[in-house]
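Structural characterization, general
In case you want the letters, here they are:
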Amino acid sequence: MNNFNEKEFMEICKKLNAEPRIEEITIEYANRSFFNKMKKSVEKDRRGEVVFCVIRPNGKYIVVTCDEYPDGIFRIPTGGIGHEEDIIQAVYRETEEELGLKVDIENFAGVIKFKFKHADETVYFYSYLFILREKGGKILEDAIDDEISEIREVDIEELRQVAEALLGIQGRWSHWGKFRYGSTMAIYKYLALKEMKK
């Protein structure tokens, strides 16, 4: 079933002095293949993911792509959270494994409760959003995983364009694009709101 752990979420908010932000997104899939992929992933080894927006020393944000993605498509990096794994430890682990970077947590931007639907089936998946500040490591060179093929550094307006490109994907990647648009756009909105409050 993959129930949301409200107590754990509130403890993270308290620990990181963050306002409890929850967004709910429902995505209905006509195509069963992506739905089944998410369903198997939850059943096998993950209840959700950490979404890590890393601020570089120059103030820009890291977005990533992989060789198999459609041309020109980037996104905010993410990594899986095991069913019993501590979420804060997961964000440190994944940032180091995927990007090769050591980071400090600047903000916890909340959680997206995704509800994936196909026919009469539903899968729940949770994306925990973190804003991080780079403090060490050599990007990609020190990474343990080699899934990421390229990074780009973007400003806030370019981040919005990255998100919109995900939503505009056609063909067999369109379902994935809708999902990745949700987390990338949520990060953009959080950062844009912080900019407005300055």
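A word on the environment of Val64
Along the polypeptide, Val64 turns up in strand β3 (residues 61-65). Remark: the alpha-carbon pair of Val64 and Leu99, spanning 35 residues in sequence, is separated by 9.3 Å. If sequence neighbours within four positions are ignored, Val64 has contacts with Tyr69, Ile73, Phe74, Arg75, Pro77, Leu99, Ile148, Glu150 and Ile151.

Regarding the nonpolar core
Phe114, Phe116, Leu159, Trp176, Phe179, Ile187 and Leu191 are the most contacted members of the largest nonpolar core, which totals 41 residues. Contributing elements (two or more residues each) for this core: β1 (22-28), α2 (32-44), β2 (48-55), β3, β5 (102-118), β6 (121-136), α4 (156-167) and α5 (174-197). Here the element with the most residues in this core is α5; it accounts for nine residues. Setting aside residues up to four positions removed in sequence, Phe179 forms contacts with Ile27, Tyr29, Phe34, Met38, Glu49, Phe114, Phe116, Phe125 and Ser127.

Looking at the confidence of the model for the protein chain
Averaged over every residue, the pLDDT of the protein chain is 93; residues scoring 70 or more account for 99%. Mean pLDDT across the secondary structure elements of the protein chain bottoms out at α2, with 85, and peaks at β3, with 98.

Considering the state of the cysteines
Across all of its chains, the model carries zero disulfides by this definition. Its sulfur unpaired, Cys13 is 18 Å from the next cysteine sulfur, which belongs to Cys53. Looking at Cys13, the relative accessible area reads 3%, which means it is buried. No disulfide involves Cys66; its sulfur sits 17 Å from the nearest other cysteine sulfur, which is in Cys53. Accessibility expressed as a relative area gives 5% for Cys66, which makes it buried.

Here's the deal with helix α1 (residues 6-15)
All of the buried residues in α1 are Glu8, Phe9, Ile12 and Cys13. Buried residues along α1 cover an arc of 140° about the axis, so they all sit on one side. Opposite the buried face of α1, at more than 90 degrees from it, the exposed residues are Lys7, Lys14 and Lys15. Asn17 sits one or two positions beyond α1 and adopts a positive phi of about 55°.

Points about the packing of α4 against α5
It is the contact of α4 with α5, at a shortest axis distance of 8 Å, that shows an interaxial angle of 160°. When the interaxial angle is binned, α4 and α5 end up roughly antiparallel. Between α4 and α5 lies a crossing of left-handed hand. Where α4 abuts α5, its residues Ile156, Leu159, Arg160, Val162, Ala163, Glu164, Leu166 and Leu167 lie against Trp176, Gly177, Lys178, Arg180, Tyr181, Thr184, Met185, Ile187, Tyr188, Leu191, Ala192 and Glu195. When its residues are assigned to classes, the contact of α4 with α5 shows 13 nonpolar, two polar and five charged.

Definitions and cut-offs
Residues numbered from 1 in each chain as written. Predicted model: local features only at pLDDT ≥ 70, side-chain atom pairs only at ≥ 80, totals over all residues. Heavy atoms only, no water. Helix = DSSP H or I, 4+ residues; strand = E, 2+ residues; numbered from the N terminus. Contact = heavy atoms within 4.5 Å. Core = buried A, V, L, I, M, F, W, Y, C linked by side-chain atoms within 4.5 Å. Buried < 20%, exposed > 50% of the residue type's maximum accessible area, 1.4 Å probe, protein only. pLDDT = per-residue confidence, 0-100. Disulfide = S-S within 2.5 Å. Arc of directions from axis to C-beta. Axes fitted to C-alpha atoms, helices over the stretch in contact; angles between N-to-C directions. Parallel < 35°, antiparallel > 145°, perpendicular 65-115°, else oblique. Left-handed = near helix turned anticlockwise from the far one by under 90°. Nonpolar A, V, L, I, M, F, W, Y, C, P; charged D, E, K, R; others polar.

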